[in-house]
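Here are the chains, one letter per residue:
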Amino acid sequence: MTDTIKSLAALLAEGKTSSVELCRDYLARIERLNPALNAFVTVDAEKTLREAAAADARRAAGQAGVLTGVPIAHKDIFCAEGWLTTCGSKMLSNFVSPYDAHVIEQFKAAGMPCLGKTNMDEFAMGSSNETSYYGPVRNPWDTDRVPGGSSGGSAAAVAGRLAPAATGTDTGGSIRQPAALTGITGLKPTYGVVSRYGMIAFASSLDQGGPMATTAEDCALLLNVMAGFDPRDSTSLERGKEDYTRDLERPLAGLKIGLPREFFGAGLTGDTARAVEEAINQLKKLGAQTVEVGLPNSKLSVAAYYVLAPAEASSNLSRFDGVRYGYRTPEYKDLNEMYEKTRAEGFGSEVKRRIMIGAYVLSHGYYDAYYLQAQKLRRLIAQDFVEAFKQCDVILGPTAPTTAFKLGEKTADPVEMYLSDIYTIAVNLAGLPGMSLPCGFDAQGLPIGLQLIGDYFAEARMLNVAHQYQLASDWHTRAPTL
Amino acid sequence: MQWETVIGLEVHSQLSTKTKIFSGASTAFGAEPNSQACQVDLALPGVLPVLNKGAVERAIKFGLAIGAKLNRTNIFDRKNYFYPDLPKGYQISQFTLPIVEAGELTVQVEGDKPGDKAVEKTVRITRAHLEEDAGKSLHEDFHGMTGIDLNRAGTPLLEIVSEPDMRSAREAVAYAKALHTLVTWIGICDGNMQEGSFRVDANVSVRPLGQAEYGTRREIKNLNSFKFLEQAINYEVRWQIEQIEDGHRVEQATVLFDPDTGETRMMRSKEDAHDYRYFPDPDLLPVKLEEDWIEQVRATLPELPQQKQARYQADLGLSAYDASALTASRAMADYFEAVVAGLVKQDAKLAANWIMGDLSATLNREGVDIAASRIPAGQLAALLARIQDATLSGKLAKQVFEALWAGEGEVDAIIEARGLKQVSDSGALSAIIDEVLAANAKSVEEFRSGKEKAFNALVGQVMKASKGKANPAQVNELLKKKLGAG
Amino acid sequence: MSLSLQDVQRIAHLARIRVDEAEAAGYQAQLNGIFGLIEEMQAVDTSGVAPMSHAQDLSQRLRADSVSEPDRRAAFQAVAPQVENGLYLVPKVIE
């Protein structure tokens, strides 16, 4: 079954189903399939059904919004009052949030029941969902393979149709790369469009929440709910409410697609290269033109990212000290030992690695050579995009260099894992919107993702291109057999 | 060897906002532990800071008051270190680009001995930056553990850093007091030192007199009274000189002052060389100060202590010492100006003498602030007017003053009720003098034989006979006339 | 550049993460691998380039100075490891 949230909203509006009924169906599917996929950390049927009943009551009272009653799963990085909120870590294994993230508030206000909290790489640090304290998530297309990360639980839940939609967050590709590896559609908005309040911080200047669903149209509907100014986040943008569905039906005639030569170089081979080529041809048939653009500094994005993100993370994660909430080591003889054991036991090894990288690049004598240099490169990388968007409306390329890899295949070598995000990271550094949508399968039947990158605040245009492509293709309708 | 002391101060002034610098939690003092620590102050996962406009406005006010440069763009950094009273594991502070830079404050430093002329000293203020306060660690015994109260966490502070321009504890105290006066004067800080609203760190070093390079400094942390500041610096200077004279080196260190022993000691918790890993806080954007905002704030600035001092000297003819004393607080200056304004015949010196003399002594004795004086400025002015019109002698005026303080009513009513009116009627006085001269023939003889002292004894007798109410000047005049000496 | 075992222990302590000797060697190898990846950026001439801290070139919004947060101590301390009399308890702090 491929139930888009659009179709579910229509069924609810027509009175052909109820939110309670929908939630029961999804909860049953979660109960059946989650043991194999491990996409959810927390499921609480009672809470979900209570929210569903409230949504039905709201509809009965004639106060339903567009998506009232449609269920959604939330990445376990979003604080939700009364829900265990772990961020994939032992450190927060006992943390029941006393407050709601802005994103959660928005979905509650829309009347969308929460199906549960999805698994993720610990503190969103990872590209395979293998760093979660709650065990790896498995790719619904092949359970020996990873779903990508860090929003791997959300991606697997949507791909496996355990949820019609889910929230994700993207710091270096954490929405787009798992969307690509699981054959779904995911969007990272322009930095500042979605409030970060209540979204547990990994790298504050890069983190951005966004929707994950089966279609671009669904992403547009979800973004209408998620986006919006929030005075509690100083980096939240003061812009009026936007209708992200407004351009969906716009024809692509005259659209200029930029193809960065750096994305189509030696690194891109085989099935991914072929599928992306075919997608380009399809878009041309729909009236688009292509133009080659240059992003000469994008090759430095991984290096700059692995300075900036760990630096911010090392500081952001200092609050996990066993004093006010979360895990505290059971035995300690003094304060220093309490800190050091709590953090050694509460964090997994990838998180500890990144904290140490961050502490190092910020430490005395290294700041200029690493942190400052990386910030300067960030400027150069962002300027490349400014130049490129003078020649095109959207930029297109692959989302990930490979399709889903095997569990354990890259865990031994962090560097190889980090290169999984080689095409997505530059977008975060620049603060631009980007999305991934399915554009084919490789020889092993694994999904391939197509990445679109928009100019600042060009989400609606990007969604337009994706939607038009999806009207002319059916990759997004394919579901794995489970 | 002659030694020179070099002192720079870092003052943490708590800004008088209603809410925290980055959250909407209250800053009211004395609440139940952790009842004013919201999710942002507690650093719950996912929370974010939003800057309080009131804190920025107060920093601008301070910058304007010390004639400093206001950085039109200033930024917040993170200072990373672990401490249980620091919930985020970093303090948000301004490191590279503070809001205020390069100001100065001119202060009056009293001389060595009472009566020595005060010396003017200008202390350069390197910078003043906004930052958040930490919580409090309570060391009473909780089964051998420490209790953490985060109500204070996130309270806005303005850290005011001076150049190492002071050369003695006395100069440091004068500067600290002037700064305390200024921040309370312009209303950005309540100045309550017991509650920790104004805390001083002193960087102290010594060097041989004439040497250009500074010696190694030690930082005395968290001094919360001017007395402790003076004691701590004096102890520290003696200690450092002894160290060097004994052939040791002074190592850079952070020390605490123990008021019970009067000594400084090293802080044990600062064992590792600090590596704060400062970097710009990605959760906060650069703060931009618009010109019209700055001008709006400037318009709210009151006349400043230094400006008043200059005016008191130039326009009112007061000494530098008097002008400085009368501007020790805004309430003091307001009171003084109200008294002067209440006098028909302007006499600032008379007002100054009474305020700095009898009134200050009484306020001190009773432990009352001038703003709460039991004698309102209008009544003091009325009293002084009675001195000016010769109704009261100085001595009688003191009696009226005491009666005013005791709440016996208004000036003229007290004079009336107590019958304190000075006798200036020459007929009545003449009669008293005649009686006195008749009864003191011996003194009259002595005076006539050239003993000037005898004249004073006669004046005393007349005053006594008039129960102190005689106008002394008139007594003098009449007496001389009657004795044929006039 | 390469990190020594002492560097690893120094930054682990800065980050308050206990790392035993065996772990330190593992971290040393991995961190050096990662720094190998990062090193490539040193070759780029960035003179005259302004560092970029934020995605948007905007300025800080200011909040009105009015109390908006109620006392939620009970809810916040419900998730705390150790509290007494409204205080968070930690091992003895020595100043």
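What counts and what doesn't
- Residues numbered from 1 in each chain as written.
- Chains lettered and ligands numbered in written order.
- Predicted model: local features only at pLDDT ≥ 70, side-chain atom pairs only at ≥ 80, totals over all residues.
- Heavy atoms only, no water.
- Helix = DSSP H or I, 4+ residues; strand = E, 2+ residues; numbered from the N terminus.
- Rg over C-alpha atoms; globule rule 2.2 N^0.38 Å.
- Buried < 20%, exposed > 50% of the residue type's maximum accessible area, 1.4 Å probe, protein only.
- Contact = heavy atoms within 4.5 Å.
- Areas by Shrake-Rupley, 256 points an atom, 1.4 Å probe, with all protein chains shown as cover.
- Lys, Arg positive; Asp, Glu negative; His and termini not counted.
- Charge placed at Lys NZ, Arg CZ, Asp CG, Glu CD.
- Axes fitted to C-alpha atoms, helices over the stretch in contact; angles between N-to-C directions.
- Parallel < 35°, antiparallel > 145°, perpendicular 65-115°, else oblique.
- Left-handed = near helix turned anticlockwise from the far one by under 90°.
- Salt bridge = Lys/Arg side-chain N within 4 Å of Asp/Glu carboxyl O.
- Buried area = accessible area lost by both parts, 1.4 Å probe.
- Polar contact = N/O pair within 3.5 Å; in protein donor to acceptor, adjacent residues only side chain to side chain.
- Expected span 1.5 Å × (residues − 1).
- Domains from an automatic or database assignment.
- Disulfide = S-S within 2.5 Å.
- Phe/Tyr/Trp six-rings, centres within 6.5 Å; stacked < 30°, edge-to-face > 60°.
- Lys NZ or Arg CZ within 6 Å of the ring centre and 35° of its normal.
- Pairing = 2+ DSSP bridges.
- pLDDT = per-residue confidence, 0-100.

Peer 1: Can you help me understand the overall build of chain C in this one?
Peer 2: A count of helices and strands for chain C gives 3 helices and 3 strands. Its helices and strands in sequence order give chain C the pattern α-α-β-α-β-β, from N to C terminus. A globule of 95 residues ought to have a C-alpha radius of gyration of about 12 Å, yet chain C, at 22 Å, is considerably larger. Here chain C holds 95 residues, and the buried ones make up 42% of them. Put simply, of all contacts in chain C between residues at least 6 apart along the chain, 27% involve residues at least 24 apart. Summing over all exposed atoms, chain C offers an accessible surface of approximately 4600 Å²; the carbon and sulfur share of this is 51%. Between the centroid of the 8 positive side chains of chain C and the centroid of its 13 negative side chains there is a distance of 11 Å.

Peer 1: Help me understand the overall build of chain A, please; the structure alone is not making it clear to me.
Peer 2: The number of helices and strands found in chain A is 15 helices and 11 strands. Computed over its C-alpha atoms, the radius of gyration of chain A comes to 21 Å, within 12% of the 23 Å expected for a compact globule of 482 residues. Seen along its three principal axes, the alpha-carbon backbone of chain A occupies a region of about 70 × 55 × 45 Å. For chain A, the proportion of its 482 residues judged to be buried stands at 69%.

Peer 1: How do you make sense of the packing of helix α12 (residues 426-439) of chain B against helix α15 (residues 472-482) of chain B when you look at a structure like this?
Peer 2: Relative placement of two packed helices is described by the angle separating their axes and the distance separating the axes. All names here are of chain B. At a minimum axis separation of 10 Å, α12 and α15 run at an interaxial angle of 55°. In terms of axis orientation, α12 runs oblique to α15. Here the hand of the crossing between α12 and α15 comes out right-handed. Only Q474, V475, L478, L479 and K482 of α15 make contact with α12, whose side of the interface consists of S426, L429, S430, I433, D434 and L437.

Peer 1: Explanation requested: the pattern of salt bridges in the structure shown.
Peer 2: For side chains of opposite charge, pairing can occur when their charged atoms come near one another. Applying the stated rule across the entire model yields 52 salt bridges over all chains. We note a salt bridge from A:R353 to A:E350, for which the minimum N-O separation is 2.5 Å. Of this pair, A:R353 and A:E350 both sit in helix α11 (residues 349-362), 3 residues apart, which is roughly one turn of the helix. Residue classification places A:R353 among the buried residues on the basis of a relative accessible area of 6%. Judged by relative accessible area, A:E350 falls into the buried class, the value being 7%. For B:K308, the salt bridge is made with B:E337, and the minimal N-O distance between the two is 2.9 Å.

Peer 1: For this particular structure, what's the right way to read the interface of chain C and chain A?
Peer 2: Often the size quoted for an interface is simply the accessible area lost on bringing the parts together. With 52 residues of chain C at the contact, the number on the chain A side is 73 residues. Carbon and sulfur atoms make up 65% of the surface buried where chain C meets chain A, a total of about 5300 Å² over both sides. On the chain C side of the interface with chain A, the three residues burying the most area are C:R18, C:M52 and C:R61, jointly 15% of the side's total. Counting the contacts that link chain C with chain A gives 3 salt bridges. Here chain C and chain A share 25 residue pairs in polar contact (both at pLDDT 80 or more) between them. Counting only elements with at least two residues in the side of chain C that touches chain A, the list comes to α1 (5-14), α2 (21-39), α3 (73-77) and β3 (87-91) of chain C.

Peer 1: Looking at this structure, how should I read α11(A)?
Peer 2: Each turn of an α-helix holds 3.6 residues, which means side chains three or four residues apart point in the same direction. Given a rise of 1.5 Å per residue, 14 residues ought to cover 20 Å, and the 20 Å separating the end C-alpha atoms of α11(A) matches this to within 8%. Among the 14 residues in α11(A), 13 count as buried, and that is most of the element.

Peer 1: So what exactly am I meant to see when it comes to the interface of chain B and chain C here?
Peer 2: Listed by partner, the interface residues are 60 residues for chain B and 36 residues for chain C. Note on chain B versus chain C: buried area summed over both sides is about 4100 Å², and carbon and sulfur give 57% of it. In terms of surface lost to chain C, no three residues of chain B exceed B:F82, B:M145 and B:L285, which account for 14% of the buried area on that side. Counting every contact that joins chain B to chain C gives 1 salt bridge. Put simply, the parts of the chain that give the side of chain B that touches chain C at least two residues each are β2 (51-52), α1 (53-65), β9 (136-142), β10 (145-149) and β17 (287-288) of chain B.

Peer 1: Can you walk me through the domain arrangement of chain A in this structure?
Peer 2: Residue and element names in this part refer to chain A. Assigned domains of chain A: these are domain 1 (5-255 + 391-477) and domain 2 (299-368). Taken together, the contacts link 27 residues of domain 1 with 25 residues of domain 2. Taking both sides of the interface into account, the surface hidden between domain 1 and domain 2 amounts to around 2400 Å²; carbon and sulfur atoms contribute 69%. Contact with domain 2 buries area across many residues of domain 1, yet M91, M125 and Y418 alone supply 31% of it, more than any other trio. Linking domain 1 to domain 2 there are 0 salt bridges. Here domain 1 and domain 2 share 9 residue pairs in polar contact (both at pLDDT 80 or more) between them. Looking at the side of domain 1 that touches domain 2, the elements with two or more residues in it are α13 (414-418) and α14 (425-430). Ranked by residues supplied to the side of domain 1 that touches domain 2, first place goes to α14 with 3 residues.

Peer 1: Please clarify how the state of the cysteines should be interpreted in this entry.
Peer 2: Note on terminology: a disulfide is the covalent bond linking the sulfur atoms of two cysteines. Residue and element names in this part refer to chain A. For the structure on display, the rule yields 0 disulfides over all chains. Free of any disulfide, C79 has its nearest neighbouring cysteine sulfur in C87, separated by 8.1 Å. No disulfide involves C392; its sulfur sits 18 Å from that of C439, the nearest cysteine. You can call C392 buried: its relative accessible area is 6%.

Peer 1: Would you mind going over the packing of aromatic side chains with me for this structure?
Peer 2: Each pair of aromatic rings is reported with the distance of its centres and the angle of its planes. A complete count under the given rule lists 29 aromatic pairs over all chains for this structure. Ring centres 5.6 Å apart and planes at 55° place the aromatic pair A:Y339 and B:F82 in the tilted group. With A:Y339 in helix α10 (residues 335-346) and B:F82 in the loop between β5 (77-80) and β6 (90-93), this pair bridges two chains. Note on accessibility: A:Y339 and B:F82 belong to one class, buried. These aromatic residues form a ring-pair network of at least three members: A:F95, A:F123, A:F320, A:Y325 and A:F347. Above the face of the A:F457 ring, A:R239 is positioned so that its terminal group lies 3.8 Å from the ring centre. Here B:K79 stacks its cationic end above the ring of B:Y276, 4.4 Å away from the centre of that ring.

Peer 1: What is the right way to look at the sheet that holds β9(B) in this model?
Peer 2: In sheet architecture, strand pairing relies on hydrogen bonds along the backbone and comes in two forms, parallel and antiparallel. Across the sheet, which stays open at both edges, the 4 strands sit in the order β9(B)-β10(B)-β3(C)-β2(C) with antiparallel pairing between neighbours. Bordering the open sheet on either side are β9 of chain B together with β2 (83-84) of chain C, each of which pairs with just one other strand. Where β2(C) meets β3(C), 2 bridges bridge the pair, whose relative direction is antiparallel. Directly across from C:E84, in β3(C), lies its bridge partner C:L87.

Peer 1: Quick question: what am I supposed to make of the confidence of the model for chain C here?
Peer 2: Note: predicted coordinates in regions of low pLDDT should not be interpreted at a detailed level. Residue and element names in this part refer to chain C. When pLDDT is averaged along chain C, the result is 92, and 98% of the positions lie at 70 or above. The spread of mean pLDDT over the elements of chain C runs between α2, the lowest at 90, and strand β1 (residues 62-63), the highest at 97. We note a pTM of 0.90 for the whole complex and an ipTM of 0.95 for its interfaces.

Peer 1: Looking at this structure, I do not really get the side chain of A:E340. What am I missing?
Peer 2: Summarising the element assignment, A:E340 is placed in helix α10. Comment: no salt bridge for buried A:E340; closest opposite-charge side chain is C:R18, at 4.3 Å. At 2.7 Å, the side chain of A:E340 forms a polar contact with the side chain of C:H13. Sequence-distant contacts of A:E340, that is, excluding residues within four places in its chain, are made with C:H13, C:R16, C:I17 and C:R18.

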